[in-house]
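# A look at the structure
Below are the chains, spelled out letter by letter.
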Amino acid sequence: VMLTNEQGRLITPILMYNDNRAIEQSLRIARIAPDNTGAQGPTSGLAKLCYFQQQTKTTDYQLLHQADWINFKLGAPLGITDENNALKTAYDPVKRHWPGWLNQIINPKVLPSVVPAGKKIGRLSPALCQHFNIEEVPDIIAGTTDSIAGVLATGINKIGQAVTSLGSTLTIKLISDKPIFKAEQGLYSHRLGQHWLIGGASNTGGAVLKHFFTSQELAELSQQIDIHQPTEDYYPLLNAGERFPINDPTLQPRLTPRSKSDIAFCHSLLQSITNIELLAYQALQIAGASEVSSIDTVGGGASNSAWLAIRQHTLKIPISIPTYTEAAYGSARIAQGKLITPSDEN
């Protein structure tokens, strides 16, 4: 998220999705906000907004999520967002509005207006059309978050089907007929048509692997792994702080003891990330979500066959790699008006 002035000029730095500096602000939010909000925790958009408020002298500003900023630069009006990007800034996806309790924390006029994913919000600016010699002016369509775009790419559409995204971080989503929120665990629900995607995001994932190995090294080491060999019990994080299935901004990485063998160390990292994935799906079941019937895998880690074998052995749930696994494909489907909801046909 970021703040701009009313003309769309940046007046703050851009804070990344996993930035957890707003601990003090998140504690204040926790004292006021209900449990059924995605705005709990120091990494939430609302916590970052409260942090910005304390750092910014002017009162002339507008909150934007990264997708809102890109849309504005393309030609959309300033201050429009989608229901999915707005969730962790405290948007209520059940009642579909900004809740009244926000007035105790912020001035609601700084918040963007919210529309469903797939809604037309503008057209490409005349300047960009002229620059690229575009005669037929394209529409600008409200998008979604990267993990939900990954879900849309797979084409899953039934209650109980899930998607694990093995990107820089680990995210899971499960199709459900009802929303579930457990702020104390980092569990939240996104609206998808008339149904819901329940899940959470861990700070573990591919970024940890790439910290220790290049893509080529990771591929070569993975081919040599015997998944039946014992592994070290790690909690692979690059920095302190976790969001889900443990919601603890002070949780420390656990990456020792490191084996002298790079193969064994790589194996332990892959197994430990998989163990966190297992904990995440178990957390959904404990919270009352539908039983997981299948898992589609998207993201860069989906191509690692050793990791797939480790996950299949550990999770004991049917795992498949869909034809399309990139979030960009899901975004393209939204742009084409093919927003797949669980009630649609494939």
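This text gives an overview of the structure that appears in the document.

This part covers the overall build of the chain. Regarding its fold elements, the chain presents 10 helices and 12 strands. Against the globule reference of 20 Å for 346 residues, the chain gives a C-alpha radius of gyration of 21 Å, in line with a compact fold. Taken along the three principal axes of its C-alpha coordinates, the chain extends 60 × 45 × 40 Å. The 346 residues of the chain split such that 53% are buried. Counting only contacts in the chain whose residues sit at least 6 apart along the sequence, the fraction spanning at least 24 positions is 67%. Of the roughly 16,100 Å² that the chain leaves accessible, carbon and sulfur atoms contribute 50%. With 28 positive and 29 negative side-chain charges, the chain shows a separation of 5 Å between the mean positions of the two kinds.

Another point: the layout of surface pockets. Within this model, the largest pocket holds a volume of roughly 870 Å³. Along its surface, the largest pocket is lined by 37 residues, and Tyr17, Gln66, Thr145, Asp146 and Ser147 are the ones closest to its centre. Ranked by residue count, the leading element in the lining of the largest pocket is helix α5 (residues 146-154), at three residues. Among the residues making up the lining of the largest pocket, the classes are represented as 11 nonpolar, 20 polar and six charged. Of all the secondary-structure elements, those providing two or more residues to the lining of the second largest pocket are α6 (206-212), α7 (215-222) and α9 (305-315). Class assignment of the residues belonging to the lining of the second largest pocket gives a composition of seven nonpolar, 11 polar and one charged.

With that settled, consider the packing of aromatic side chains. One pass over the full model with this rule turns up seven aromatic pairs. With 6.4 Å between their ring centres and 40° between their planes, tryptophan 69 and phenylalanine 72 make a pair best called tilted. Remark: phenylalanine 72 and tryptophan 69 occur in helix α3 (residues 66-74); sequence separation between them is three residues, near one turn of the helix. Between phenylalanine 212 and phenylalanine 265, the ring centres sit 5.1 Å apart and the planes meet at 85°, which makes this aromatic pair edge-to-face. Linking phenylalanine 212 in helix α6 with phenylalanine 265 in helix α8 (residues 262-286), this pair joins segments that are 53 residues apart in sequence. Ring-pair connections join several aromatic residues into one group, and the members of that group are Phe212, Phe213, Tyr234 and Phe265.

Right, let's get into empty space enclosed by the protein. Evaluated as defined, the whole model comprises one cavity of 30 Å³ or more. Space inside the largest cavity adds up to approximately 220 Å³. Around the largest cavity, the lining comprises 21 residues; the ones closest to its centre are Gln40, Thr43, Gly186, Arg243 and Asn247. Counted by class, the lining of the largest cavity contains seven nonpolar, 10 polar and four charged residues.

Time to look at the side chain of glutamine 25. Structurally, glutamine 25 can be placed in helix α1 (residues 23-32). The residues contacting glutamine 25, other than those within four sequence positions of it, are Ala47, Cys50, Tyr51 and Gln54.

Regarding α7, the residues found buried are Leu218, Leu221 and Ser222. Buried residues along α7 cover an arc of 95° about the axis, so they all sit on one side. Considering only its buried residues, α7 is in contact with α6, α8 and α9.

Right, let's talk about the sheet that holds strand β7 (residues 161-166) for a bit. On the basis of which strands lie adjacent, the open sheet formed by six strands has the order β9-β10-β8-β7-β11-β12 and mixed pairing. The open sheet has two edge strands with one neighbour each: β9 (188-192) and β12 (319-320). Bridge analysis of β7 against strand β11 (residues 294-298) gives five bridges, and the strand direction is parallel. Bridge pairing in β11 links valine 163 to aspartate 296. Lying over the sheet, α8 contacts β7, β8 (170-176), β10 (195-202) and β11, oriented at roughly 30° with respect to β8.

Each value, and the rule that gives it
- The written sequence of each chain sets the order in which its residues are numbered from 1.
- Reporting in this predicted model follows two pLDDT cut-offs: at least 70 for local features of residues, and 80 or more for side-chain atom pairs to be given and counted; totals over whole chains, interfaces and linings ignore these cut-offs and use all residues.
- Hydrogens are left out, water is left out, and the side-chain values use all remaining heavy atoms of the structure.
- We count a stretch as a helix when DSSP gives it H or I for four or more residues in a row; a strand needs E for two or more, and each element gets its number in order from the N terminus.
- We compute the radius of gyration over the C-alpha atoms and compare it with the globule rule, which gives 2.2 Å times the number of residues raised to the power 0.38.
- Relative accessibility decides the category of a residue: with a 1.4 Å probe and only protein chains considered, values under 20% of the type maximum give buried, values over 50% give exposed, and everything between is partly exposed.
- Contacts are assigned to residue pairs with any non-hydrogen atoms lying within 4.5 Å of each other.
- Residue exposure ignores everything except the shown protein chains as possible cover, and the areas themselves are Shrake-Rupley values with a 1.4 Å probe.
- When charges are counted, Lys and Arg contribute as positive and Asp and Glu as negative, whereas His and the chain ends are disregarded.
- Charge positions come from single atoms, namely NZ of Lys, CZ of Arg, CG of Asp or CD of Glu.
- In this analysis the probe radius is 1.4 Å and the grid spacing 1 Å, with only protein atoms considered; a cavity is a set of points the probe fits into but cannot get out of, a pocket is an open set with protein on both sides within 12 Å along at least five of seven lines, and lining residues have an atom within 4 Å of a point.
- Grid points are joined across faces, edges and corners, and a volume is the space filled by probe spheres set on the points.
- Note on residue categories: nonpolar means Ala, Val, Leu, Ile, Met, Phe, Trp, Tyr, Cys or Pro, charged means Asp, Glu, Lys or Arg, and polar means any other residue, Gly included.
- A pair of Phe, Tyr and Trp rings is counted when the ring centres sit within 6.5 Å of each other, with Trp represented by its six-membered ring. The angle between the planes then sorts it: under 30 degrees is stacked, over 60 is edge-to-face, the rest tilted.
- For this quantity, the arc is that covered by the directions from the helix axis to the C-beta atoms.
- Think of it this way: DSSP has to see at least two bridges between two strands before they count as a pair.
- A fitted line through C-alpha atoms serves as each axis, taken over the contacting stretch for helices, and the angle formed by two N-to-C directions is quoted from 0 to 180°.

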